[in-house]
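One letter stands for each residue in the lines below.
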Amino acid sequence: MGASQGKGKNEENKKEEEKEENKKEEEKEEKEEKEESEEESDENSDKNEEDKDSKSKKSKKEIREEEKKIKPFKTKSNEKEESSDEESSKKEEKNSKKEEIKDFYKEEKSSNEDNKEEKKEKKEKEYKDVLPGEIPEERKISNPKKLPFNYNCCQTIELAHKKAITCLTYILRRNEIATGSVDETIKLWKINTEKNKISLNKELKGHTDSILCIKDFPKLNCFCSTSNDNTLKLWNCNSLKCLNTLSFHTKCVLTCCYNSLGKQEIYSGGEDLIIVVWITKKEKDLEQYEKRYVLKGHKKRISSMTYAEDYDYLISGSDDKTLRIWDMKNLEEIKCIKIIKELLNAIDYLLYLDNRLLVSCEDGLISFIKMNKLKRCRSVKFSNYAVYSFNIFHKHKYLLVGSKDGKARIWKIGTNKRMVLEGHTQPVTGVTNFEEDFVITSSIDCSIKLWKKE
């Protein structure tokens, strides 16, 4: 019995041990299952991530396989296209950068150019009339060459008139110089070339206001004076008497000239914007001159006139910046055949000689106009000041100029040789030569100067 009981106990112990072992095994299995489930979840999450990545990025193997599939279908042109696309994209980037840089520099250049253009415009305003063949004194002749001769002042008459001298001219028939003044008088001066002196010969009175212009009419044996009293007076060269006073203008008469051919008409113009044609009934009869025609067209005062005898043209210059060419062949049908508008400033003085018309303007320019073409051929700038008078002498090779800056200048035409005559303190209103070795100048400062060639 005891043995059977002992066996029974052992069997029970064995069963209990088996149970415990089974429990342990079950626990292990549960742990393992848990771990496996966790691993599966991790693997699933990794797989999901891999799937996501695979969508965006392919594995190397897949890429290689795709390339192998594509290779047979790739051509050289396709390869070139791809390479060209890459190059073009690079070029576009470079070009875009270059364009940005260019734009930047362009802006800077444009700003600099604008500044330069403004400066140029300021200069061009002074030199707009200058043609390519002629350059202003400030540019072309900063250090002008000297003339082969020189003029020195040998006499100055400080108070030649009581008031400002407005004009000066040479009277051929008398071989004397005539000056007109604000003091309402005309004075005639003799020049003694041996003693290098000027002396007063005669004083003429008759005008009731300032004398503005004196012109010599050799073939009529007279000289004409115009005045602020709205009249012209004709003075006989021999008797020095006023033989006729021409009245028609309603404002001051600034200029006059005459035609030595045909009927020897006299022309006058002034602030009333008209040109009056005066004709005599008898040839060279000064007392018979009377008003015949009136020419209209200028919009501002008529400042100067001259006559081109070779063409029978009357030329008038005005403050309206134009020249008008009047055909005087048929007095019954006088026509303005040309209006020259190339000059950009008011006109001060005109002179005609040998198919050339010389025109001075307030900006200091003297322009040369060919009468056969009625076009400006060149311009010369002496200074920035108005030119009030000029004269050609020494066999038409030299130009003598009187300017607002108080200086007279001698220029050898067509060269850069110039000379300045300094001495007057106010604008030079008259210049002329006397026997080519002497030059005479007058000024608003009431003085006359005699210059001798050396």
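Definitions and cut-offs
Residues numbered from 1 in each chain as written. Predicted model: local features only at pLDDT ≥ 70, side-chain atom pairs only at ≥ 80, totals over all residues. Heavy atoms only, no water. Pairing = 2+ DSSP bridges. Helix = DSSP H or I, 4+ residues; strand = E, 2+ residues; numbered from the N terminus. Axes fitted to C-alpha atoms, helices over the stretch in contact; angles between N-to-C directions. Polar contact = N/O pair within 3.5 Å; in protein donor to acceptor, adjacent residues only side chain to side chain. Core = buried A, V, L, I, M, F, W, Y, C linked by side-chain atoms within 4.5 Å. Buried < 20%, exposed > 50% of the residue type's maximum accessible area, 1.4 Å probe, protein only. Contact = heavy atoms within 4.5 Å.

A. Inspection of the sheet that holds strand β23 (residues 398–403) at higher detail. The strand order across the open sheet formed by four strands is β22-β23-β24-β25, and the pairing between neighbours is antiparallel. Because the sheet does not close on itself, it has two edges, and the strands there are β22 (387–393) and β25 (418–422). Adjacent strand axes in the sheet meet at a mean angle of 20° when their direction is disregarded. Two elements, β23 and strand β24 (residues 407–412), share five bridges in a ladder whose sense is antiparallel.

B. Fine view of the side chain of R409. When you line up the elements, R409 lands in strand β24. Only 2.9 Å separates the side chain of R409 from the side chain of D405, close enough to count as a polar contact.

C. Looking closely at the nonpolar core. Of all hydrophobic cores here, the largest spans 17 residues; its most connected members are F217, L220, L232, L234, I266, W278 and Y289. Those elements that place two or more of their residues in this core are β6 (211–217), β7 (222–227), β8 (231–236), β10 (253–258) and β12 (274–280). Not counting residues up to four positions away in its chain, the partners in contact with L234 are F223, C224, K241, C242, L243, N244, L246, I266, L286 and Y289. By size, the runner-up hydrophobic cluster in this structure holds 16 residues, among which are I340, I347, L350 and M371.

D. Region of interest: the pairing of strand β2 (residues 165–171). Across the seven residues of β2, five count as buried, placing the element largely inside the fold. Where β2 lies against strand β3 (residues 176–181), six bridges are found, and the strand directions are antiparallel. Within the sheet, the bridge partner assigned to L168 lies in β3 and is T179. Counting the residues that bridge the hairpin from β2 to β3 gives four residues, and of these N175 lies at a positive phi of roughly 55°.

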